[in-house]
Amino acid sequence: MNKKKKFILPLPQRSISIEVNNNYDFSSPEKGIVMARPKQVDPVDYETYIGKNKSILHNDPQREMLTFPYDDIIIPPPNPPKRMRTLYSTVPDSALDEAKDLLLRQCIKSYTDSCHIVRFKYSAYAGRYEKLPNIKNTDPLPQHTFEIDAEPEERGDEDTKSLTARIQKTGWLYKGPDGGKENIISFTRQFKKRYFILKQESDFTYSLQFYKDERKTDAKGAIFLDLATEARPNSKRGKHCFEVVLTNDRPPYVFAAESETEMNDWIRVLNKAINAAETASNVSMERNREEVQTPDKSGEKAEISMHPELVKYNRESDLMLTKAREENRHNLFRVYPGIRFHFDEDDEEEDENQEDIEVFPATVCDHYLMRLVDFKLKTQVNLAEEGLGQKFANPEPFFLSFALYDAKEGKKISEDFYIDPNEKEIRQMVPDDVLLASDKLHSVEGRNTSPNLHDLSEEWLLKKDRHGVFSVTSCHAEVYLFVRVEKVLQGSLSQACDQYLKAPSGNKVYKQMRQFCSQIGHHRMPFGWAARQLIIETNGPAELKIYRQDPSKFSEQEVIKVLQDLKKPEKQGKLQEIPGCLKITIHKTNPDQPLQNTLTSSLVPIKPFPIPPPDPPAIEVEQFVLDRASFCDTFDSYVNHLYVYPMNLRYEHQKSFTKARNIACCVEIRDSDDENAIPLKRIYARPEVGVFTTVASATVLHHNTSPDFLEEVKIALPIQLHDKHHILFRFYHVSCEGSKSNRSSASSIKKRDNIETPVGFAWLPLLSQGRVSVGEQSIQVAACTSLPKDYLSARSPDRSIPAPEIKWVDNGKPIFKVKVHLQSTVYTKDQHLHNFFYHCQKIENALMPGTDVDSLNKIKLDKPTMDLEKTFLSNSAKSLHAVDVLTYVQFLPTVLNQLFSLLVKTISDDVALNAVKVLIHIVTEVSLADKQDALKSYVKYVFNPDPIPKGSKNVHTVHEELAKNLTTILRPANADNVVVCKFLKYSWFFFEILIKSMALYLIGTDRIKMPRNERFTSDYQFRIQNLLQTLTPNIIQKQREMPRETKMANQSLAKFVKSCFTLMDRGFVFKNIASYVEQFGPGDSKSLYDLKFEFLCEVCSHEHYIPLCLPIMRKGMIKSFKDIKLEGNFIYHFF
């Protein structure tokens, strides 16, 4: 029997509808009916309508729901300070006064500036309902302990009892993408480092929960092992990779460990947990089956046996109890604190009551606290025989330095940390007149060139029991702690070591070395070394073996090779051990329990820091992070260090000096080449010398005319560098025989006077083409015994400066090799970035006299200056594309601030367009390096364009110039497909910059108090309209070939339009929404419909959605639901 459809209203032209359905050809969709575009309704002029009905809105009892609040934007905008981990600012007090370079000034400004936040008061009411502020997060329910949980059941079998033995495992792993995808993507982009915890649930099964860090505050997810079958290695996905296989052909979970040992340990523990979970699941299923097979029928019997009135009372009581339970009942989804409503992104709640804000959080890394416990050789001196007290000690001073090496990467990953292990009586073997001779000679009364110590006591800083805090971003089994043991220069290395291998009398060695210490105690020689793996956990102090130093293996590459061979038994057998004891304690610190009395590598106190300090100093050892953007941090503090490494000197062919065998290399930093110039006291000294010194010397190899050096000289660079700053190298021949001479004879006095004979000088200017010279360099050595005046001009390319005549060793060949490493947050190693800031500063300096740098856009430059700007500045802006992404991440706020400043100040369209293209490139590269959080922090906390004076006219703003140049880039005539694709994917950054710039502009100029249709100029509204009309066709046309990028651009555009309702003319915004919708047709594909409705869904989630709907327009027009009728056209198409 055929059933006819029933409609609310009769269907007109029924025969036409039936004919269309019968004649439709489903095999050829192109022959279907093309729906006509519905008639476009003109949007309401919102501001005009609100103005005309102002009195009605004001008198309406629900006017709060019908109008926008006046305090929508918090004024003045909050400017909380940036969070400092140090007790004082790391920027020196005189930095701004001394800084002259533009890059230096901008960096200092970035590190000392406070946060700049634009806060919309009611933005919390936009978005999804789960995040509404009126939904209170209740406290979690208390965890009750019941008797059945406290005591095991008597009837439980042995298998059940064995399940209570928990399997525990925690640690860091790299988690691969879900879904079993094996895309050919780099390891760092596909795998993310997470902290995993193996946890036992209440039903004795196990789950593997993972967190972002060790704080375990918010679980990112969980893997339930009762659904897993096994854990097994998977070498196809990469080195040290393994997977957890799931049931029912589900895609496995992929992980990666740091080492093969760690991977095997995880596989073993996970398989044990999987087997335990399977046993627990089977036991639980058997219990449930028993309960189902033997149901409890006592309730039915009781109900049958009860009196009818009693049954009625029982049912009423149950009903009352049920209602009572519903009162003040918690929402189950709100009670559980670990539940997450969004799994596509990390939702971080903003704490509006923070006193300070951590803008750029540091990368999570491991910190290890190292302390020297004891250093004793088997040969000891009895100080009682020398009249120095009743105790035994080493017979001579030794000097220890600690550093981390990555044997897998083949490089040193930390600076040297020095410890003085000597007793007071042994330390006094070297007189202060010998040890501090250079500092006393170069001291000038009233001049202090050393950095500020913030009133810290030098005696406390140089304590014998000071600790070192080593940081490692990527710690694995091949990271070693390497210890170098040095002693006072005595002679050959075999002579120095043999006396400890043969175990002679300690007092005899003491008397022999006391003579050397009194003459050449400031010169050192190599003695031995020790090493251990960093991640080895030990209970109590770790004892390291001391091996004899091989003089032929005295370079950094040889040290790395020795560490790589340390695990090989056949290599260890060839090492000669020195009898002695070197004990250290090293353990991983807890980030939740910060250490007291800790100092940065620049000796700045770190919070918490009680004064006076009760504990010995713990000094952070500077980490040399690998040159990878994913490992580095965005600079937010002042660090300005230079590390100089003398590598080797080739003197085997020199004929300038008769004696040049025991060669000592002394390093100084100077700011002048005048005749009476003295070195700066900015070199970090060893603890036996002081905190800072004027000279540092490398170890001496006895009778070696081509010595290799393994010395690290750490220099605190001056704030402002100039062309006269240079590193000076002095070379001396040290006579060991002269130091053993007696004091009486005239010949011995002559020998003592010739203990140090100059055998050459070399110098290295710090600046090369305006930037700090870094890397390995080979330089010439001057064959002179004293420095000539103006010696820097001898290598100067400027021939107008008279150069002194200097004789060079070995005919001027570059025989001295040195390596320079820059660890600075205010100077860059990248030549392209330096050139960009150099030309920006050159344009600023080309302004007319009396004009301000910030008013470049207000004046008209002459033609030569205009040409200079177009050529140099445009080329330098283009060259920023060649900058390494590592530099982008490190100098991110400084570079972005300068580009936005240039965008506003320049009067060249070509420079502005190139600046925007560079911005798109930087945002793309930083995002691909997994540093998108730094971009979000920059927009939210750092971006703050230069303020515009009130009443000024024809002043360019960031939002105006950015909208103009983005439209130019997106136009089909100028479109570069690569640039457009990058912009579509990361357009959120530029739209958020537009919104923040607009908000700060309104607040700074008090235009926020003006009517909305007068806040922005018609020219800017025209630019916004052009931008939206240019971007929308790109989204529609490129949707098929770039679905992900267009979806992200569409979402960013929707958020921008939604935010415009708060700042701009709302009628203008409605017109742009109508223009956006009009570009979609009724015959579009499903994906285009998705884009359109996603856009409208985002716009409709505005916090003031009800006022935007103008409900007063329909007031009085609809009295009941009967007035709502379906039109014939609607019925025709859908029924």
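In the block above lies the structure referred to throughout.
Let me sum up the structure you'll find in this document. (Residues numbered from 1 in each chain as written. Predicted model: local features only at pLDDT ≥ 70, side-chain atom pairs only at ≥ 80, totals over all residues. Heavy atoms only, no water.)

**What about the overall build of the protein?**
Our working definition: A run of H or I in DSSP counts as a helix once it spans at least four residues, and a run of E counts as a strand once it spans at least two, with each numbered from the N terminus. Residue exposure (1.4 Å probe, protein chains only): buried if accessible area is under 20% of the type maximum, exposed if over 50%, otherwise partly exposed. All accessibility values rest on the Shrake-Rupley procedure with a 1.4 Å probe; residue burial counts only the protein chains present in the view.
The helix and strand inventory of the protein stands at 38 helices and 33 strands. Sorting the 1135 residues of the protein into buried and exposed places 48% on the buried side. Carbon and sulfur atoms make up 50% of the accessible area of the protein, which amounts to about 60,900 Å² in all.

**As for the pattern of salt bridges**
Operational definition: Only one rule defines a salt bridge in this text: a Lys or Arg side-chain nitrogen within 4 Å of an Asp or Glu carboxyl oxygen.
On inspection of all chains with the given rule, the structure shows 38 salt bridges. Two residues, D565 and K568, come together in a salt bridge whose shortest N-O distance is 3.3 Å. K568 sits in the partly exposed class, given a relative accessible area of 36%. As a salt-bridge pair, K1086 and D1090 come within 3.2 Å of each other at their nearest N and O atoms. With a gap of 4 residues between them, K1086 and D1090 both fall in helix α36 (residues 1086-1099), about one helical turn apart. Via salt bridges that share partners, K412, D416, R484, E486, R524, R686, E711 and E712 belong to a single interconnected network.

**A word on the packing of helix α6 (residues 102-112) against helix α24 (residues 831-845)**
How we decide: Geometry is summarised by axes, namely lines fitted to C-alpha atoms with helices restricted to the contacting stretch, and by angles between N-to-C directions that run from 0 to 180 degrees. Each angle receives one of four descriptions, namely roughly parallel if under 35 degrees, roughly antiparallel if over 145, roughly perpendicular if within 65 to 115, and oblique otherwise. The contact criterion used is simple: two residues touch if any of their non-hydrogen atoms lie within 4.5 Å. When residue character is reported, Ala, Val, Leu, Ile, Met, Phe, Trp, Tyr, Cys and Pro are called nonpolar, Asp, Glu, Lys and Arg charged, and the others, Gly included, polar.
Contact pair α6 / α24: the axes reach a minimum separation of 8 Å and the direction vectors enclose 100°. In terms of orientation, α6 and α24 fall into the roughly perpendicular class. Contacts between α6 and α24 pair L102, L103, R105 and Q106 from the former with F837, C840, Q841 and E844 from the latter. Among the residues forming the contact of α6 with α24, the class breakdown is 4 nonpolar, 2 polar and 2 charged.

**Comments concerning the packing of aromatic side chains**
Heads up, the rule is: Note on aromatic pairs: the rings of Phe, Tyr and Trp (six-membered ring only in Trp) are paired at centre separations within 6.5 Å, and the planes decide the class, stacked below 30 degrees, edge-to-face beyond 60, tilted for the rest. Either the NZ atom of lysine or the CZ atom of arginine qualifies as a charge over a ring when it sits within 6 Å of the ring centre and within 35 degrees of the ring normal.
Counted by the stated rule, this structure contains 36 aromatic pairs. When the centroid spacing of 5.3 Å and the interplanar angle of 85° are considered together, the rings of F196 and F255 count as edge-to-face. On the criterion of sequence distance, the pair formed by F196 in strand β2 (residues 192-200) and F255 in strand β7 (residues 253-256) is long-range, its members being 59 residues apart. Both residues of the pair, F196 and F255, count as buried. For the pair F417 and F470, a centre-to-centre distance of 6.5 Å together with 80° between the ring planes defines the contact as edge-to-face. Taken together, the positions of F417 in strand β13 (residues 417-419) and F470 in strand β14 (residues 467-472) put the pair 53 residues apart, joining distant regions of the chain. Overall, F417 belongs to the buried group, its relative accessible area being 4%. Taking the ring centre of W172 as reference, the NZ or CZ of K193 above it sits at 5.1 Å.

**Details of the pairing of strand β11 (residues 398-406)**
Quick reminder of the rule: A strand pair is defined by DSSP finding two or more bridges across the two strands.
Along β11, 9 of the 9 residues are buried, which leaves the element largely enclosed by surrounding structure. Residues F398, L400, F402, L404 and D406 line one face of β11 and the alternating positions F399, S401, A403 and Y405 line the opposite face, and both faces are buried. The pairing of β11 with strand β15 (residues 479-488) spans 9 bridges and is antiparallel. Looking at the pairing, A403 lines up with F482 of β15.

**Looking at the pairing of β7**
Each regular strand displays side chains that alternate between the two surfaces of the sheet. Of the strand pairs in this sheet, strand β1 (residues 169-175) and β7 are connected by 2 bridges, and their pairing is antiparallel. Residue pairing across strands places Y174 opposite A256, the latter belonging to β7. In terms of strand pairing, strand β6 (residues 241-246) meets β7 through 4 bridges, oriented antiparallel. In the strand pairing of β7, V244 is matched with Y253. Hairpin connection between β6 and β7: a loop of 6 residues separates the two successive antiparallel strands, and N248 in this loop has a positive phi of roughly 60°.

**Brief notes about helix α18 (residues 493-501)**
Note the cut-off: Comment: arc refers to directions from the helix axis out to C-beta atoms.
All of the buried residues along α18 are L493, A496, C497, Q499 and Y500. Buried residues in α18, looked at end-on, bunch into an arc of 155°, giving them a common side. Of the residues one or two after α18, A503 is the one with positive phi, at around 55°.

**Comments concerning the sheet that holds β6**
Strand order in the open sheet formed by 7 strands is β4-β3-β2-β1-β7-β6-β5, with antiparallel pairing between adjacent strands. Here the strands that pair on one side only, and so sit at the sheet edges, are β4 (219-224) and β5 (228-233). Strand-to-strand, the axes of this sheet are offset by a mean angle of 35°, without reference to chain direction. Of the pairings in the sheet, the one linking β5 to β6 comprises 5 bridges and is antiparallel in character. Its bridge partner being in β6, A228 is matched across the sheet by L246.

**With respect to the nonpolar core**
Spelled out, the test is: The criterion is simple. A nonpolar core is a set of buried Ala, Val, Leu, Ile, Met, Phe, Trp, Tyr and Cys residues joined through side-chain atoms within 4.5 Å.
In terms of nonpolar packing, the biggest core is built from 164 residues, with F729, F816 and F989 touching the most fellow members. It is helix α32 (residues 987-1004) that provides the largest number of residues to this core, a total of 13 residues. Within the second largest apolar cluster, 68 residues are counted, among which are I426, C475, I546 and C736.

**Re the sheet that holds strand β28 (residues 726-734)**
Spatially, the 4 strands line up as an open sheet ordered β26-β23-β28-β29, and their pairing is antiparallel. Of all strands in the sheet, those bounded by a partner on one side alone are β26 (696-697) and β29 (756-765). Pairing of strand β23 (residues 663-670) with β28, which is carried by 8 bridges, proceeds in the antiparallel orientation. Within β28, the residue paired with I669 across the bridge is I727.

**Quick look at α32**
Here is the rule: A helix is expected to span 1.5 Å multiplied by its residue count minus one.
Between its first and last C-alpha atoms α32 spans 26 Å; for 18 residues at 1.5 Å apiece the expected length is 26 Å, and the two agree. By the criterion of burial, α32 is predominantly enclosed, with 16 of the 18 residues buried.

**Here's the deal with a positive patch on the surface**
Convention followed: Excluding any residue in a salt bridge, patches collect residues exceeding 30% relative accessible area, merging like charges within 9 Å and nonpolar Val, Leu, Ile, Met, Phe, Trp and Tyr side chains within 5 Å. For this count, His and the chain ends are skipped, Lys and Arg are scored as positive, and Asp and Glu as negative. Note that the charge is assigned to NZ on lysines, CZ on arginines, CG on aspartates and CD on glutamates.
A surface patch of like charges, here positive, comprises K553, K561, K571 and K574. Positionally, K574 belongs in the loop between α21 (569-572) and β18 (577-588).

**Things to note about the side chain of Q490**
Applicable threshold: Polar contact is defined as a pair of N or O atoms within 3.5 Å, subject to the rule that within protein one atom must be able to donate a hydrogen and the other to accept it, and that residues adjacent in sequence are counted only when both atoms are side-chain atoms.
By secondary structure assignment, the location of Q490 is in the loop between β15 and α18. At 2.9 Å, the side chain of Q490 forms a polar contact with the side chain of K487. A polar atom in the side chain of Q490 sits 3.3 Å from the side chain of Q499. Non-local contacts of Q490, meaning those with residues more than four positions away in its chain, are made with Q495, A496, Q499, Q512, M513, F516, M525 and C736.

**Notes on the packing of helix α30 (residues 958-970) against helix α31 (residues 977-985)**
As a packed pair, α30 and α31 sit with axes 9 Å apart at the nearest point and diverge in direction by 130°. By the angle between their axes, α30 is oblique relative to α31. The segment α30 lies against α31, with L966, I969 and L970 engaging V979, V980 and F983. Classifying every residue of the contact of α30 with α31 gives 6 nonpolar, no polar and no charged.

**Details of the environment of V434**
Structurally, V434 can be placed in helix α15 (residues 432-435). Taking the C-alpha atoms as reference points, V434 and Q519, separated by 85 residues in sequence, lie 7.0 Å from one another. The residues touching V434, leaving out its near neighbours within four places in the chain, are C517, S518, Q519, G521 and H522.

**Things to note about the environment of A219**
Its location among the elements puts A219 in strand β4. C-alpha of A219 to C-alpha of F196: the two residues are 23 residues apart in sequence and 9.6 Å apart in space.

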